[in-house]
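Chain by chain, the residues:
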Amino acid sequence: MRLIDLRSDTVTQPTPAMRRAMAEAVVGDDVFGEDPTVNRLQEMAAAMMGKEAALLVTSGTQGNLVSILAHCGRGDEAIVGDLSHTYLYEQGGMASLGGVHPRVLPNSPDGTLDLAQVEAAIRPDNVHFPRSRLLILENTHNRCYGAPLSTEYIRAATDLAHRYGLKVHMDGARIFNAAIALGVDVKELVAPVDSVTFCLSKGLSAPVGSVVCGSREFIEEARRARKVLGGGMRQAGIIAAAGIVALTEMVERLADDHANARRLAEGLAQIDGYAIDVERVYTNIVYFDVVNGYTAQEIVDRAREAGVLVLPVGPYRIRAVTHYGIEATDIEEALDVFEQAVKG
Ligand SMILES: Cc1ncc(COP(=O)(O)O)c(C=O)c1O
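All of the points below concern the structure found in this document. This one's a predicted model, so the numbers in the text were calculated from it and none came from an experiment.

1. What to know about the sheet that holds strand β13 (residues 317-321)
Phase 1: The antiparallel open sheet is built from four strands, whose spatial order is β9-β10-β13-β12. Every interior strand has two partners, whereas the edge strands, β9 (274-275) and β12 (311-312), have only one.
Phase 2: Pairing of β12 with β13 involves two bridges; the strand directions are antiparallel. Opposite Leu311, over in β13, you have Arg319 as the bridge partner.
Phase 3: Running at roughly 15 degrees to strand β10 (residues 285-290), helix α12 (residues 254-269) makes contact with β9, β10 and β13 of the sheet.

2. A few points about the side chain of Thr158
Phase 1: Note that Thr158 resides in helix α7 (residues 151-163).
Phase 2: Overall, Thr158 belongs to the buried group, its relative accessible area being 1%.
Phase 3: With residues near it in sequence (within four places) discarded, Thr158 still touches Val168, Pro192 and Val193.

3. Thoughts on unusual backbone geometry
Phase 1: Cis rather than trans, the peptide bond between Asn139 and Thr140 has omega equal to -5 degrees.
Phase 2: With respect to the helices, strands and loops of the structure, Thr140 is situated in the loop between β5 (131-138) and α7.
Phase 3: With a phi close to 60 degrees, Tyr145 is a non-glycine residue in the positive phi region.
Phase 4: Mapped onto the fold, Tyr145 is located in the loop between β5 and α7.
Phase 5: We note that Arg234 has phi near 55 degrees; this positive angle belongs to a residue other than glycine.
Phase 6: Considering the arrangement of structural elements, one finds Arg234 in the loop between α10 (216-228) and α11 (237-249).

4. As for the nonpolar core
One recurring pattern in soluble globular proteins: nonpolar side chains tend to sit buried together.
Phase 1: Formed by 52 residues in total, the largest nonpolar core has its most connected members in Phe176 and Phe198.
Phase 2: It is α11 that contributes the most residues to this core, six residues altogether.
Phase 3: Setting aside its immediate chain neighbours within four residues, Phe176 contacts Met48, Met49, Val186, Phe198, Leu204, Leu247, Val251 and Leu254.
Phase 4: Formed by 31 residues, the second largest nonpolar core is a distinct cluster that contains Ala265, Ile271, Val300 and Phe338.

5. Section: the packing of aromatic side chains
Any two aromatic rings considered together are summarised by their centre-to-centre distance and by the angle between their planes.
Phase 1: Considering all chains together, one arrives at five aromatic pairs under this definition.
Phase 2: Between the aromatic rings of Phe176 and Phe198, the centroid separation amounts to 5.4 Å while the plane-to-plane angle is 85 degrees, which identifies the pairing as edge-to-face. Residue Phe176 is located in helix α8 (residues 175-182), and its partner Phe198 is located in strand β7 (residues 195-199); the two are separated by 22 residues in the primary sequence. Residue Phe176 shares its accessibility class with Phe198, and that shared class is buried.
Phase 3: Seen from their ring centres, Tyr274 and Phe288 are 5.3 Å apart, and the 85 degrees between their planes marks the pair as edge-to-face. Residue Tyr274 is found in strand β9, and its partner Phe288 is found in strand β10; the two are separated by 14 residues along the sequence. The pair Tyr274 / Phe288 is uniform in exposure class, with both members buried.
Phase 4: Among the aromatic residues, ring-to-ring pairing joins Tyr274, Phe288 and Phe338 into one connected group.
Phase 5: The positively charged end of Arg280 is found above the aromatic ring belonging to Tyr145, 5.6 Å away from the centroid.

6. Comments concerning the packing of α8 against α12
Phase 1: One way to put it is that α8 packs onto α12 with a least axis distance of 9 Å and a crossing angle of 75 degrees. Relative to α12, the element α8 lies roughly perpendicular. Two secondary-structure elements touch here, α8 through Phe176, Asn177, Ile180 and Ala181 and α12 through Leu254, Ala255 and His258.
Phase 2: Looking at the contact of α8 with α12 residue by residue, the class counts come to five nonpolar, two polar and no charged.

7. Describing a nonpolar patch on the surface
Phase 1: Where nonpolar side chains cluster on the molecular surface, the patch consists of Tyr87, Leu88, Tyr89 and Val104 and spans about 330 Å² of accessible area.
Phase 2: Note on placement: Tyr89 falls in the loop between α4 (85-88) and α5 (93-96).

Calculation rules
- Residues numbered from 1 in each chain as written.
- Predicted model: local features only at pLDDT ≥ 70, side-chain atom pairs only at ≥ 80, totals over all residues.
- Heavy atoms only, no water.
- Pairing = 2+ DSSP bridges.
- Helix = DSSP H or I, 4+ residues; strand = E, 2+ residues; numbered from the N terminus.
- Contact = heavy atoms within 4.5 Å.
- Axes fitted to C-alpha atoms, helices over the stretch in contact; angles between N-to-C directions.
- Buried < 20%, exposed > 50% of the residue type's maximum accessible area, 1.4 Å probe, protein only.
- Core = buried A, V, L, I, M, F, W, Y, C linked by side-chain atoms within 4.5 Å.
- Phe/Tyr/Trp six-rings, centres within 6.5 Å; stacked < 30°, edge-to-face > 60°.
- Lys NZ or Arg CZ within 6 Å of the ring centre and 35° of its normal.
- Parallel < 35°, antiparallel > 145°, perpendicular 65-115°, else oblique.
- Nonpolar A, V, L, I, M, F, W, Y, C, P; charged D, E, K, R; others polar.
- Patch = residues over 30% accessible without salt bridge, like charges linked within 9 Å, V, L, I, M, F, W, Y side chains within 5 Å.
- Areas by Shrake-Rupley, 256 points an atom, 1.4 Å probe, with all protein chains shown as cover.
- Salt bridge = Lys/Arg side-chain N within 4 Å of Asp/Glu carboxyl O.

This is how it looks when you write it as structure tokens:
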């Protein structure tokens, strides 16, 4: 049985063009800075983001951590959202490995942090307090319905942080989804921030890797942090080759994923037994609730038996994510499966 796997956009398979590029990649020792394919990917990524330099890392988690380590020292404080990936799903690496203290503020459902609360959370210089050093934004926001942060919000948040001497890091794991959804150049979204991590291995479908971008000085610090975390990867051009294909061929098609997510949401809204706020489907992530007495796990199990995979993310809440490899016809099939699954 062919599975329709909507658990995450991380399950994407590399494209045939990626496999060819990987097989043919010219490689060298990247810890010596001698892998031409890694260097090309990094130059390309920096240019796309409008930053001076870029660094290939193993994962989004590593990208966020090396960025935090580059911006902060032990005992410094980073302001993060309570629903952010960095705070929820990265093992508290900033604290356990970096000695960085997270200052947690509530995320609004659209992924933003209230800027008055951010301003109030920034510490004055006082011997009792850690030093506020960093503000972390997430774009698109995974747990907040895949919402994209607007250019205006990013600029306002960054202006505020900079006014108080804080740096701003953007967890842009899905920054290209944000750019496509908002219809803006990705450069515009990241222009105000000091650093950004984006993932090659989610909607862009590369098998491995993320890229951190920022100033040359910041990237040199991030490179040191990557090394101590074991992320110096030698002939990493094999991976970078797929990343180059991802950036050249896989960005514009994210619009198809967004259209499929919207169709899925609209279909779910028509089925008795589910509740969904279609207005809160912004990109490729769909959250919906089971409201007829079944638990999320029961629906997930039933759907799996019928060949559709989704993730339970709460007692009654399910997440579905669209991506490369999921076609419009798969969405119709998934809707049939969800309809059957919720029937008594
Ligand atoms: C918003 C966000 N940031 C960071 C990550 C971490 O990426 P990785 O799984 O490559 O470590 C994820 C992964 O799903 C994510 O959704």
